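Take a look at the letters that make up each chain.
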Amino acid sequence: EAQVTQNPRYLITVTGKKLTVTCSQNMNHEYMSWYRQDPGLGLRQIYYSMNVEVTDKGDVPEGYKVSRKEKRNFPLILESPSPNQTSLYFCASSLVFPPEAFFGQGTRLTVV
Amino acid sequence: AQSVTQLGSHVSVSEGALVLLRCNYSSSVPPYLFWYVQYPNQGLQLLLKYTSAATLVKGINGFEAEFKKSETSFHLTKPSAHMSDAAEYFCAVSEHNQGGKLIFGQGTELSVKP
């Protein structure tokens, strides 16, 4: 079954404690991205990757890092989380053309 | 710059009534357009997509959308709402030279009354 798998689904952490949210896809897609979803703002892109070892900033990259060492994996790293990073995060993978995205189930992060 | 506007953050309809969710976009060239649905505690699922073929696009669960270039719109409709349609709906746009990046609207929460 084609899918994007994110872990964990729920995470509560404290300010400043580094965390990683994992993302893996089994569709051999080249393009992967991370979005955050906030009420009234829809989804906004944090980072994206066009291929292995190729990553770039999206619209809201501050406070986040990513890596793409393998085609299937695209972890999101928060080195020093802050409360304004409390949000619902989605990983997505897609073909480039057309850019039909497949989404993971989401990770609800709370930073206290 | 591209943008997407969804008119109405909340829409409520009665079961069996027409569903109309509005989406307008701004783009310098005809884009790819998408509607996604998000059920509670789940990820986003593709409902339908426009990729410059037929302007009337049919999707899953009886939904369809019409691309109107002159109005820069891509409104989502369903003739008869079902209780199971209650969810949040997102319109998204991507230009042909933007790789896989999607720009999302703010979302519209659809409620269906019995």
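The paragraphs below set out a description of the structure included in this document.

Next up on the list: the state of the cysteines. Throughout the structure, instances matching the rule amount to two disulfides over all chains. Each sulfur in the disulfide pair Cys23(A) and Cys91(A) lies 1.8 Å from the other. The chirality of the disulfide connecting Cys23(A) with Cys91(A) is left-handed, given an S-S dihedral of about -70°. Taken together, the residues span a long stretch of sequence, with Cys23(A) in strand 3 (residues 19-25) and Cys91(A) in strand 9 (residues 87-94) at a distance of 68 residues. Relative accessible area serves as the criterion here: at 0%, Cys91(A) is assigned to the buried category. There is a disulfide in this structure between Cys23(B) and Cys91(B), and the S-S distance comes to 2.0 Å. The chirality of the disulfide connecting Cys23(B) with Cys91(B) is left-handed, given an S-S dihedral of about -65°.

All names here are of chain B. Here Ser27 is to be found in the loop between strand 3 (19-26) and strand 4 (32-38). Residues Ser27 and Ser3, 24 residues apart in the sequence, show an inter-C-alpha distance of 7.2 Å. Among residues more than four places away in sequence, those in contact with Ser27 are Gln2 and Glu95.

Let us now look at the interface of chain B and chain A. Taken together, the contact pairs 23 residues of chain B with 24 residues of chain A. Where chain B abuts chain A, roughly 1,800 Å² becomes buried across the two surfaces, and 56% of that area is made up of carbon and sulfur atoms. If you look at where chain B meets chain A, you find two salt bridges. Of the charged contacts in the structure, one is a salt bridge between Lys101(B) and Asp59(A), with a shortest N-O distance of 2.9 Å. There are seven residue pairs in polar contact (both at pLDDT 80 or more) connecting chain B and chain A. Breaking the side of chain B that touches chain A down by element, the ones donating at least two residues are strand 4, strand 5 (44-50), strand 9 (87-94) and strand 10 (103-104) of chain B. Split into classes, the residues belonging to the side of chain B that touches chain A amount to nine nonpolar, eleven polar and three charged.

Once that is clear, we can look at the environment of Ala92(B). Residue and element names in this part refer to chain B. Examined against the element boundaries, Ala92 turns out to sit in strand 9. Between the alpha carbons of Ala92 and Lys49 there is a distance of 9.4 Å; along the sequence they are 43 residues apart. With sequence-adjacent residues up to four places away left out, Ala92 is seen in contact with Val4, Tyr32, Leu33, Phe34, Leu102, Ile103 and Phe104.

What counts and what doesn't
- Residues numbered from 1 in each chain as written.
- Chains lettered and ligands numbered in written order.
- Predicted model: local features only at pLDDT ≥ 70, side-chain atom pairs only at ≥ 80, totals over all residues.
- Heavy atoms only, no water.
- Disulfide = S-S within 2.5 Å.
- Helix = DSSP H or I, 4+ residues; strand = E, 2+ residues; numbered from the N terminus.
- Buried < 20%, exposed > 50% of the residue type's maximum accessible area, 1.4 Å probe, protein only.
- Contact = heavy atoms within 4.5 Å.
- Buried area = accessible area lost by both parts, 1.4 Å probe.
- Salt bridge = Lys/Arg side-chain N within 4 Å of Asp/Glu carboxyl O.
- Polar contact = N/O pair within 3.5 Å; in protein donor to acceptor, adjacent residues only side chain to side chain.
- Nonpolar A, V, L, I, M, F, W, Y, C, P; charged D, E, K, R; others polar.

Nothing here speaks to function; it is geometry throughout.
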